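Here is what each chain is made of, one letter per residue.
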Amino acid sequence: MRDQQHQEQEQDQERYTTTAIVLHWLIAVLIVGTFTLGLVMTDIPGFSPTKLRYFSWHKWAGVTVLLLAALRLLWRLKKRPPALPASMPAWQRGAAHGLHHLLYLLIFAVPLSGYFYTLATGFPVVYFGLFQLPVLIAKDPALAETLKGVHYWLNMLLAALVAVHVLAALKHQLIDRDGAMRRMLPSRSH
Amino acid sequence: MKLRPALAATLSTALLGAALVASAAPLKTDVAHSSVSAVFKQMNVPVESNFKRFNAQIDYDAAHPEKATARVDIDTASFDMGQADYDKEIAKKEWFNSAQFPKATFVSSSIKPAGSGKLNVTGKLTIKGKTADVSFPLSVKPEGGKQVFEGQLPIKRLAFNVGEGEWQDTGMVADEVVIKFRVAAGQ
């Protein structure tokens, strides 16, 4: 019994904080949803109320990701994440850190590029149809065209990196069985 | 149509003497310094887009503002939302139906002075074949040898059938649309 308790305590210490776990999964779900909606809405030909509604939802979701990303970064700076498994080779640690930095960068860069893209097209964001968010740049069709490409390719990069992130987590869980992924899962003991 | 500027020039030269004593004077619109736009709200998002092509004919003499007349013709297919595919859609039947109604027109019926630099304008606005009486305040100020007329006119888009079928939903695009204009014109 004592051993088991001891083990559970150790596992708890190895986990990310509940706040970090909640933020991670919320952002993950929102990113998958917003990304998918982005593909669906841009695939609708012409002009319809549904299309415009999807665009608005996409923008609201993107702004939400940005807000959660800011909270997450602040939390990350305040709380050190639990250590990686001791068995991980140095190159994997380096790769993991590099990937995590890029993912952090992109959860800001992707929504920001979308935000400036929509501003450049002359459509500001009114969050949930209620609060108009700052119009930081004037309408600029040429800039809009550039930002459209930037937003698209940042998204493709994010999708590729998320795929690597997920595969790496599954490898830790299923092949290495080293508990790396469990650090980001909710504790099963309560 | 092509003859009009030449004709106008000839006429204005011929009538120069007459114009000096006439109460109203036709002004030449400086298109580069003029604009006509519409501000609408889409899911509460305010968007302002310009009509790229329009023609304004204003007869105005500062000494006799009450004799002034104005006519504005707007090319409805020239509404520029900054995205080519949207611009194409807005010219379609449900919105401006530009194929059948290429022009939206305002013709003044009376212009009354309302204090310094201010005029009250009434007239008829025709969009998509529907005509309504409108009135709005207009400001006029001299600028760089020209007169600059500025004003805005709030209208209800559904009164002109702009946005039919599923687009009648004012939760998607609000009924109120503000037409904003600035016309710089001089002799």
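Residues numbered from 1 in each chain as written. Chains lettered and ligands numbered in written order. Predicted model: local features only at pLDDT ≥ 70, side-chain atom pairs only at ≥ 80, totals over all residues.

*Asks:* Describe the nonpolar core, with residues and values.
*Replies:* Residues Ile-58 and Val-183 of chain B are the most contacted members of the largest nonpolar core, which totals 34 residues. Those elements that provide at least two residues to this core are strand 2 (35–42), strand 4 (54–59), strand 5 (69–75), strand 7 (103–113), strand 8 (118–127), strand 9 (130–143) and strand 11 (176–186) of chain B. Ranked by the residues each element gives to this core, the list is headed by strand 11 of chain B, at six residues. Leave out the neighbours within four places in its chain, and Ile-58 of chain B touches Leu-27, Ala-70, Phe-149, Val-183 and Ala-185 of chain B. Ile-31, Phe-35, Leu-106 and Leu-158 of chain A belong to the second largest nonpolar core, which has eight residues in total. (Core = buried A, V, L, I, M, F, W, Y, C linked by C-beta atoms within 7 Å. Buried ≥ 20, exposed ≤ 12 C-beta atoms within 10 Å, placed from the backbone. Helix = DSSP H or I, 4+ residues; strand = E, 2+ residues; numbered from the N terminus. Contact = placed C-beta atoms within 7 Å.)

*Asks:* Outline the confidence of the model for chain B, listing residues and values.
*Replies:* All names here are of chain B. Chain-level statistics for chain B give a pLDDT mean of 88 and a share of 87% at 70 or above. Note that pLDDT drops below 50 for residues 14–23; the model gives that stretch four contacts with residues more than four away or on any other chain. With pTM at 0.84, the complex prediction returns an ipTM value of 0.79. (pLDDT = per-residue confidence, 0-100.)

*Asks:* Just give me the short version of the interface of chain B and chain A, but keep the residues and values in it.
*Replies:* By a widespread convention, an interface's size corresponds to the accessible area lost as its parts come together. Taken together, the 14 residues of chain B in the interface contact 14 residues of chain A. Of all the elements in the fold, those that place two or more residues in the side of chain B that touches chain A are strand 3 (45–51) and helix 3 (84–90) of chain B. Per element, the largest residue contribution to the side of chain B that touches chain A is three residues, and it comes from strand 3 of chain B.

*Asks:* Can you lay out the pairing of strand 5 of chain B for me, pointing to particular residues and giving the numbers?
*Replies:* Residues and elements named next belong to chain B. In strand 5, alternate side chains face the same way, and those of Ala-70, Val-72 and Ile-74 are buried while those of Thr-69, Arg-71, Asp-73 and Asp-75 on the opposite face are not. Two strands pair when backbone bridges link them, and strand 4 and strand 5 are joined in this way by six bridges, in the antiparallel orientation. Considered in strand 5, the bridge of Phe-54 is made with Ile-74. Taken together, the five bridges between strand 5 and strand 7 define a ladder with antiparallel strand orientation. Bridging across to strand 7, Asp-75 finds its partner in Lys-103. (Pairing = 2+ DSSP bridges.)

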